Amino acid sequence: APLDADEVSRAPRAPDEARALAEELVRRRRLVGDPVALLAALERALPRCATPAAELEALREVARLAAGPVYRPARAIEAWRTLHARGPDDAEARDALLALLRREGPPQALHDLLEAEAARLEGAAAGDDEVRGRGPTTAARAEARALRREQAELLRGPLGRPDDAGRRWRALLAEDPADEASRAALEALERARRDLPALAALLAERAARATSASAAMAALLEEAAVHE
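Notes on the structure in this doc start here. Just so we're clear, the structure is a prediction, and the values are computed from it rather than from any experiment. Sequence order as written defines the numbering, with residues in each chain counted from 1. Residue-level local features of this predicted model are given only where pLDDT is at least 70; pairs of side-chain atoms are given and counted only at 80 or more, and the full residue set underlies all totals for whole chains, interfaces and linings. Derived side-chain values reflect all non-hydrogen atoms in the structure, with water molecules and hydrogen atoms excluded from consideration.

## Looking at the overall build of the protein chain
Secondary structure elements follow DSSP: runs of H or I of four or more residues count as helices, runs of E of two or more count as strands, with numbering from the N terminus. Along the protein chain, the regular secondary structure elements total 12 helices and zero strands. Helices (α) and strands (β) of the protein chain occur, in sequence order from the N terminus, as α-α-α-α-α-α-α-α-α-α-α-α. In the protein chain, which comprises 228 residues, the share counted as buried stands at 36%. Considering only contacts within the protein chain whose residues lie at least 6 apart along the sequence, 42% involve residues at least 24 apart. In short, Shrake-Rupley with a 1.4 Å probe defines the accessible areas, and a residue's cover is counted only from the protein chains shown. Only carbon and sulfur atoms are counted for the fraction: they give 56% of the accessible area of the protein chain, which is about 12400 Å². Three labels apply to residues, based on accessible area from a 1.4 Å probe with only protein chains included: buried if under 20% of the type maximum, exposed if over 50%, partly exposed otherwise in between. In this analysis, two residues are considered to be in contact whenever any of their non-hydrogen atoms come within 4.5 Å of each other.

Quick look at the structure:
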């Protein structure tokens, strides 16, 4: 029999009956293949889910639809954020939320998520350090550092906090002087800020770390130009 969406919301109904109607509406909308109607049906079903697991499953489907075929980014961000909060190790929620925030913003929300994810990876690496008696795992460390570099770019650009960006890159270099991506970004920042002493020091460090005579000479020539 036809089932109108309004019928699901009509009161009064016993909870079990309301839930059954909501689930039936979702089933029918899924069969029809209309993502907009399916999203609306899932939203109606969410508060009527029988268990927390069922609620999370429905919310995940809402998030996928709102991030994809229907594309309602604000709702997708809200849904993925809830899923990520309830399961910090949920890779799908984490990756989807990062992708949406990179595309839609706001920059501060992206910065905060990058901070949380970098800290989580660093914590996991530290756990490996304790258990295995060695330094942080290469993959976790590399991923955390990539997220920290992305944070620094946000601080320098959209967030308008170049001093904090510089501190972030310097911390990365202190941890790993061979991090040429952070060194190049910091050099660019100091050039833009016209902080010539800081830039000269960075160029001298680059010259000292150079693996070839030509690279060392190029850095020294740049340093000399800064002092002119």
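Having put the structure on the table, let's press on.
## Things to note about the packing of helix 11 (residues 196–209) against helix 12 (residues 213–227)
Helix axes are fitted only over the stretch in contact, all axes being lines through C-alpha atoms; the angle between N-to-C directions runs from 0 to 180 degrees. Orientation of helix 11 relative to helix 12, taken along the N-to-C sense of each, is 165°, at an axis distance of 8 Å. Classified by the interaxial angle, the pair formed by helix 11 and helix 12 is roughly antiparallel. In this structure, the crossing between helix 11 and helix 12 has a hand that is left-handed. Only A216, A219, L220, E222, E223, V226 and H227 of helix 12 make contact with helix 11, whose side of the interface consists of L196, L199, A200, L203, A204, R206 and A207. Residues belonging to the contact of helix 11 with helix 12 are distributed by class as follows: 10 nonpolar, one polar and three charged. Orientation labels follow simple angle bins: below 35 degrees gives roughly parallel, above 145 gives roughly antiparallel, 65 to 115 gives roughly perpendicular, and whatever is left gives oblique. In this scheme the crossing of two helices becomes right-handed for a clockwise turn of the near helix relative to the far one and left-handed for an anticlockwise turn of less than a right angle. Classification used: nonpolar for Ala, Val, Leu, Ile, Met, Phe, Trp, Tyr, Cys and Pro, charged for Asp, Glu, Lys and Arg, polar for all others including Gly.

## Regarding the packing of helix 4 (residues 52–67) against helix 5 (residues 73–86)
Direction vectors running N to C along helix 4 and helix 5 enclose 145°, while the axes themselves pass 8 Å from each other. Considering only the axes of helix 4 and helix 5, their crossing is left-handed. Residue-level inspection shows E55, L56, L59, R60, V62, A63, R64, A66 and A67 of helix 4 in contact with helix 5, the latter providing P73, R75, A76, A79, W80, T82, L83 and R86. Its residues assigned to classes, the contact of helix 4 with helix 5 comprises 11 nonpolar, one polar and five charged.

## Comments concerning the pattern of salt bridges
Working definition: two side chains of opposite charge can pair if their charged atoms are close together. For this analysis, a salt bridge means a side-chain nitrogen from Lys or Arg found within 4 Å of a carboxyl oxygen belonging to Asp or Glu. Following the criterion strictly, the structure yields 33 salt bridges and no others. Residue D16 is joined to R19 by a salt bridge in which the shortest nitrogen-to-oxygen separation is 2.6 Å. Of this pair, D16 and R19 both sit in helix 2 (residues 15–32), three residues apart, which is roughly one turn of that helix. Measuring nitrogen to oxygen at the nearest pair gives 2.7 Å for the salt bridge that ties R75 to E43. Residue R75 is located in helix 5, and its partner E43 is located in helix 3 (residues 35–45); the two are separated by 32 residues in the primary sequence. On the accessibility criterion, E43 (28% relative accessible area) is partly exposed. Here the salt bridges do not stand alone but share partners, grouping D89, R94, D95, E117 and R120 into one network.

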